[in-house]
Every structure is written in structure tokens, then in C-alpha cells.
Amino acid sequence: MFQLPGWNWHFPMFQLPGWTGQSSTPEVEKRSTCDQCDERLFCNCSSRNYRHVPTVTVTEVVTLDLSFNDITSVAEDDLREYTWLRTLDLHSNRIQSIHEWAFHLLQGLESLDMSYNQLAALNPAWFSKLLSLQHLNLLGSCYRTLGPGGTSLTRLRFLRFGNPALEEVRRGDLAGVRQLDQLEVYGNNLKRYDPGSLGDLWPLGVVTLRLRGPFQDNTTLVSSILRDVSYSETFLVVADVLLSEKTSVAPFRETNRRRVRSIMFQNATLTDEAIVHFMEVMNVYKFTSFLPVGFLLKNLRQISIINCKVYVMPCLTSLLLTQMVYLDLSGNLLTDLTLTESLCHGIGILRNLRVINVSDNALKSISLISKLVTRLDKLVHLDISQNAYTSMPHTCSWPQILTHLNLSRAKLRRVTPCLPSTLEILDLGHNDLTAFHSVALPALRELHLSGNKLMSLPPGWLFPSLEVLLIQSNTLSMFGPSNLRLYRRLRALQAGQNRFVCSCEFVNFMVWRWGGAVEGSVELTDRWDNYLCDSPLSLQGQRVDRVQLSPFQCHRILLVSSLCGCMLASGILFVILLWKIHAVWYVRMMWAWLKAKRNSGNQKRRDAAGNAYLLCYDAFVSYSEQDAEWVEEFLVPELEDSQPPLSLCLHKRDFLPGHWIIDNIIHAMERSRRTLFVLSEHFVHSEWCRYELDFSHFRLFDGDSEAAVLVLLEPISKDDVPKRFCKLRKLMSSRTYLEWPQEDERRAEFWSNLRLAVRGGDEL
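First things first, this report covers the structure right here in the doc.

Thresholds, definitions, all that
- Residues numbered from 1 in each chain as written.
- Predicted model: local features only at pLDDT ≥ 70, side-chain atom pairs only at ≥ 80, totals over all residues.
- Heavy atoms only, no water.
- Helix = DSSP H or I, 4+ residues; strand = E, 2+ residues; numbered from the N terminus.
- Buried < 20%, exposed > 50% of the residue type's maximum accessible area, 1.4 Å probe, protein only.
- Contact = heavy atoms within 4.5 Å.
- Areas by Shrake-Rupley, 256 points an atom, 1.4 Å probe, with all protein chains shown as cover.
- Salt bridge = Lys/Arg side-chain N within 4 Å of Asp/Glu carboxyl O.
- Expected span 1.5 Å × (residues − 1).
- Pairing = 2+ DSSP bridges.
- Axes fitted to C-alpha atoms, helices over the stretch in contact; angles between N-to-C directions.

1. Section: the overall build of the chain
Check the secondary structure of the chain and you find 21 helices and 35 strands. Going through the 764 residues of the chain one by one, you find that 48% of them count as buried. At a minimum sequence separation of 6, the contacts of the chain that also span at least 24 residues come to 57%. When the accessible surface of the chain is summed, it comes to about 37500 Å², and 52% of that surface belongs to carbon and sulfur atoms.

Rendered as C-alpha cells:
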């Protein structure tokens, strides 16, 4: 028999669709604009602090969500621009008044949610033009009655109404409503119900009744309601009730008379006495143990005992459940020991079981569970989530056709080959997994890994059949084509809420691949809001699709290479330029000149310490060796034998042996008043003459423009002088130079002018 402490049955709370509670938000200006509309003509204007119905940025809106704002009223013209609306959600605002014509232009509206506002009364004029309305939610608010009916809501199929303040439902309140697929009535404090008020609604699919107060104080009222809504095809849900006495169960006689086949209790508390009377009312034999009614248990196919503090289902009871295919014992107090008793020590009694749910209990051993179910040959779905597992054994034995396994919300740190290879759906979400590798699951189609600590996608080659992968809320830094390519059949991926490193590769991959397939046929099925950058710090918190990275960040190597290439090219161009302007020559000559000057200075200091320093020569003669005959036969006799005689420095005669030739040239120029250049074609092409010309050029830069005397032994143009000798070329252009005459009668004048130039006479 079931061991139910206190025999109080508790069933799960019925969750109101779309209800998440109210929010308190600051006020905003009237007729704000909502710009959160997408291509499906859906405008999500929820939770934006609007005080009035806003305008939108698109025309022909089909769905408008205004829930969780601070709207206090709906004026006549507020919805005039929304004539194409099919769905309007106004729940969880502070609406106190609605103009009677506010909805008149919404003749195509199919769904209207006005729940959880502050309406003190309902006006049937609101709905008079809503001929297409199929869904209407009026839960919450503070109206005491539904008000007069008469509206033609003939297409209405889903209706929810009631609140803690509702006191009466009168006949005619729902006039115009013919049939409903779902009806929900919240009347915990209902005091009056006119019989037949809900009697005209047929057929009725699902009816949910929340009548806690009437079940305690006015069972006649409850009987009237049950009489009106009970049909053989109706699925009846009784929620939020306390059945503690025989009288509280009496109204269910009406459901038995109408042969209602399905009754579900949600968030209900039943005492032992109430259960017995309920079974009597429903024509079930009185019993205190399940064993005497074993013939009933043998025909049960589905059993759900949820959140009832059950700690064991004895094996004797399990032996009676020979036809059971579905067993849900979630949210109870089962341990490894008591589950062993409930499953009869794994001897395989419950051979028809296909689904077992023992989630949210106090189980600790995966190995034990695998042994208990291994003989259940038909088991395909096993939910053992929300238990206290901390490890997974290396090997396990499972049923041969197990395809669904839920191990989520435990404390597992790693996975092992214990997982059955037959799995098609595996949920390991919200554990402490840091890696998923070396476990091949060839048949797996759907894998849930959200809420772990995974740093990368599992290797795709382990799951050749995988189609859906959920890996949100982990520590992934990035993923790309190389990862997804390994998943041969993957079509849906959810990877948001991770710690993404917004590198150029990742951002480019995500942004340019979005809108169709990410890689091949893989589609990201979660929202962009879930894809935020975690690093670098400058981008932290930004949506990946809105990140703008500079070319330098994305192509750093290319830019550096290009920069180096530009610098190299600039360097080459610079070298070519230096070569063109003879910079090397200038540097080389400057160095030699400075060296020679330093040596000359040292020599002068030594002379100053001893004898007075004097110029030894009137002129240093620079000439080509091919012109030596002219110098020795004509120039030297004419100048040195003149009156007064001139002293000439000739390299053959006066250079000091053993000294560096450059030093000799500089030394000779420093000790000569003039440098006499015997210019000819031989001179221009003579290496040593060019050296002498070079140093003379630097001497000219020292400011002594009279130091050079030019003698043209044969006609030569200044263009024949190298371009780097810019000073000498300028002198040849601006000063008169001496040219050796071929006629004998002009030579006397030539020598006279030359002597005068060497002695430092006026410019010729």
C-alpha cells in the first residue's frame, strides 16, 4: 500500500498561462513610441514603463504585447491605428478604465488578455464588435460581477475569468458564448451562483475551477457549478482546494452522475476521510489499503504521485501494477533504499513500464538505479534529474531500448562510458561538467548541456546523429566553422549566455553567418540578446552583432607586414635618393676631411709649441699623371723661376713618404695658399685628382672661395665636372678661369695672369 504520511494529498499548483507577476516601474511621457517590432509584425512593448498605449514604428501590426507596463487607461483613439491586430496583450498593468469604444475597430482581433489589472467593473460594450475573438483572459482585477451579457462572442473558445473579489455569477452573464475548449473560473470567494449560468456552454473541453471558499462553506453552490460543467468528454481540473470532510466531497456526486471520465486535482489537500468519501462518491469501494482493491490497480496504466512526500511504494503494491506503463514519483522523499523496495529490488516485475520519473528526490547512486531498471525491457524514458549524484561509474547496465535519459540538475563533474549508447535524447544540463569527451553516442539526436562549466563544444565526431545541441550558460569563449563542421547532422544550436571572447574571427563568423545558417544547415535558435562579449574589457557586455572592430584589430599581422614592407620600400627609395644626391660621397669626404682637419689641428698645436706655423707653398698643384709633362716642362719653370719666384707643392716631389695619401693631400692643401687645378679630360677621370678636387671642395665650404685656381689645359665644359662638386661647378659658372692657349703669342699673357692669380691678385 502507499505510505502517505498524514494521508494529505498535495498536487502541483496550476500555473496561469503568461502570469509572472506585476512589476513597479517609473512613469514615462504620454504616447511614447515602441520600436521593438520585427519582420513578423510582432511588437514586443512589454516591461517598458509606458503609462499610455504607445505608438509603433511599423504599420499593420499583427501582435502587440503591452504587458507589465503602468498603463492606467485605454482611451477611445489609443488603438485606432491597430486595425490589423490579431493578438493584444494588456495583462499586468494598472488599467482602471477603458473607453467603451476602445476596441471597436479591432474587428479581426482573435486573442485579448486583460488579466491582472485594476478594473472595478466589466463593460460588455468592449466586446460587442470583437466578432473574431477566440481567446479572452479576464483573470485578476477587482470586479465583483461579470456584468450583463448579450455580446455575440460566438467564436470564443478560451475564456478565463474571476478574481478574489468576484462574488456572483448570474444567469445571462455569458449570454452569446456557445462553446469553449477551455474555461477557467477563479471564485475562491464566490457567494452566489445562479444555476444554469454556465449550463449553456457545450461542448466544454477543459474546465478549471478554483473554488476553495465555496468547497468549505457553500457546497450547494459548488454542486450547481459542477452540474453545469460536467460532461463525459470534459476534462475537469479542481485546483487550490482543501477537502477535509465528507460534506466537502459531496458535490462530486454531480460529476459521477454526468459520467465525467477525467478529474485532476492540482494543489489540493485531501485528508484520509475525504479520500475515502471521494472514492465512495465516485462508486469506488471503501478501503484503507490498496491491496484489497488490487483488481483495480491491475488495470492502471499511468500513475502520478507528485510532491506528496511519499518515501516508499511497497513492492507488494508494485506487484499489483502489472499493466503500468507510466510512473511519476517526482518531488518526493525517495532514497536509494526505498526506491529499491519500490522497484522490487530490480527483479523486473514492472516489465511494461516505458516511462519512469523519479526526479527531485534524494537519490545518490547512478549505479544502483541502472541495476534496478536494467531488466525493464520496455523502458525508453528515464528521468532521474534533480538528485544528489556527484559521480558517474565507469560502466553501467541499462535497458536495451532506453532512448531518453535526464540527468540534469545534479552535481556531476564528468561523464563516463556509463551512458547507454542507445540514447537519442540526453539531458546533462546544470551540472558541474568541465569537459565532454571520449564518450561516443552514435544514436544521440538531442544533447542538453546548458548550465555547466564547459569551455568548448564537445567533439562533433562523437555524435554523428546529433541534430540539436543546447550549451547555454557555460564558459565557452568562442566557436567557429571548424567546430561545427564535425557535426554532420546538426541543425539547431543554442549557445548564448557564455563568456565569449569577441575576436575578429568570432565576430565575423557570428555576424556574417546569422540570418540563415551559421555553418551549413546549423541554425542558432536563441536570441542575439544572449550573445554578449565577455572580453576584451572594452567590449564587455556588448552584443556580438553590434561590435565594431577596427581593421588594425582584425588584420594586425597584415598591417604590420604592410607597414614593414612600406618601411623597407621607403628605405630603398631613401638609399636610391642618397645615391642620386651623392650623400655617400658627402659622408665619406666629410669623414676624411674631419679626420684630416683633426690631424692638421694637432700638427698646428705642435708647431705652436715649437716654431711659428707658416704656409710653405704658394700653390698646391693638382693634375693628372698624363698631364705631368706639361706641368714639369711648362708650369713649374714659369712659376718657380719667376720674379719673385712662386713655391709650388707637387705630389711627386713634396709628399711625405710613408704617410697616408689622404693625409698628404690635406696637409699639402693646408700649407698652400692656393690649389691650382690643371683641368683636362685626364684630370676628370683620374681617381687621385678627384680626391684632391673633393678636398678642395670642402675647403671651399669652409669659406675660402679664393683657394681654387682653375686652369683649363684643354677645352672642357663645366658639365664634365661631376655634379657632386656643386661649389666648383658654380665657380666655373661665376668666375673667370684660365685656359691654356694653343697660340704661342698668347702664352705670355696666360703666364702673367696665372702668376697674378696664384699670388692672390684681383679676379681675372
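2. So, unusual backbone geometry
Omega for the peptide link from tryptophan 202 to proline 203 comes to 0°, which places this bond in the cis form. In this structure, proline 203 sits in the loop between strand 13 (192-193) and strand 14 (204-210). Positive phi values are uncommon outside glycine, yet glutamate 60 reaches one of about 60°. Of note, glutamate 60 is situated in the loop between strand 3 (55-56) and strand 4 (63-65). Even without a glycine there, the phi angle at histidine 345 is positive, about 60°. Among the secondary structure elements, histidine 345 is positioned in the loop between helix 8 (336-342) and strand 21 (355-357). Judged by relative accessible area, histidine 345 falls into the exposed class, the value being 56%.

3. Quick word on the pattern of salt bridges
If you walk through the whole model with that rule in mind, you get 24 salt bridges. For arginine 210, the salt bridge goes to aspartate 240, with nearest N and O atoms at 2.8 Å. Residue arginine 210 is located in strand 14, and its partner aspartate 240 is located in the loop between strand 15 (235-239) and strand 16 (242-243); the two are separated by 30 residues in the primary sequence. A relative accessible area of 10% means that aspartate 240 is categorised as buried. With its nearest N and O atoms 3.4 Å apart, the salt bridge here joins arginine 653 to aspartate 654. Judged by relative accessible area, which is 43%, arginine 653 ranks as partly exposed. Each of Arg160, Glu184, Arg210 and Asp240 takes part in one network of salt bridges that share partners.

4. A closer look at helix 21 (residues 747-759)
Given a rise of 1.5 Å per residue, 13 residues ought to cover 18 Å, and the 18 Å separating the end C-alpha atoms of helix 21 matches this to within 8%. Next to the buried residues of helix 21 lie strand 31 (617-622), helix 15 (628-640), strand 33 (672-679), strand 34 (708-712) and strand 35 (738-739). Two residues or fewer past helix 21, glycine 760 is found with a positive phi of approximately 95°.

5. Quick notes on the sheet that holds strand 8 (residues 111-113)
Within the open sheet, the 10 strands sit side by side as 2-4-6-8-9-10-12-14-15-17. Their pairing is parallel. Of all the strands in the sheet, just strand 2 (42-44) and strand 17 (262-266) have a single pairing partner and so form its edges. Ignoring which end each strand starts from, the neighbouring axes of this sheet average 10° apart. Direction of pairing for strand 9 (residues 135-139) relative to strand 10 (residues 158-162): parallel, over a ladder of 5 bridges.

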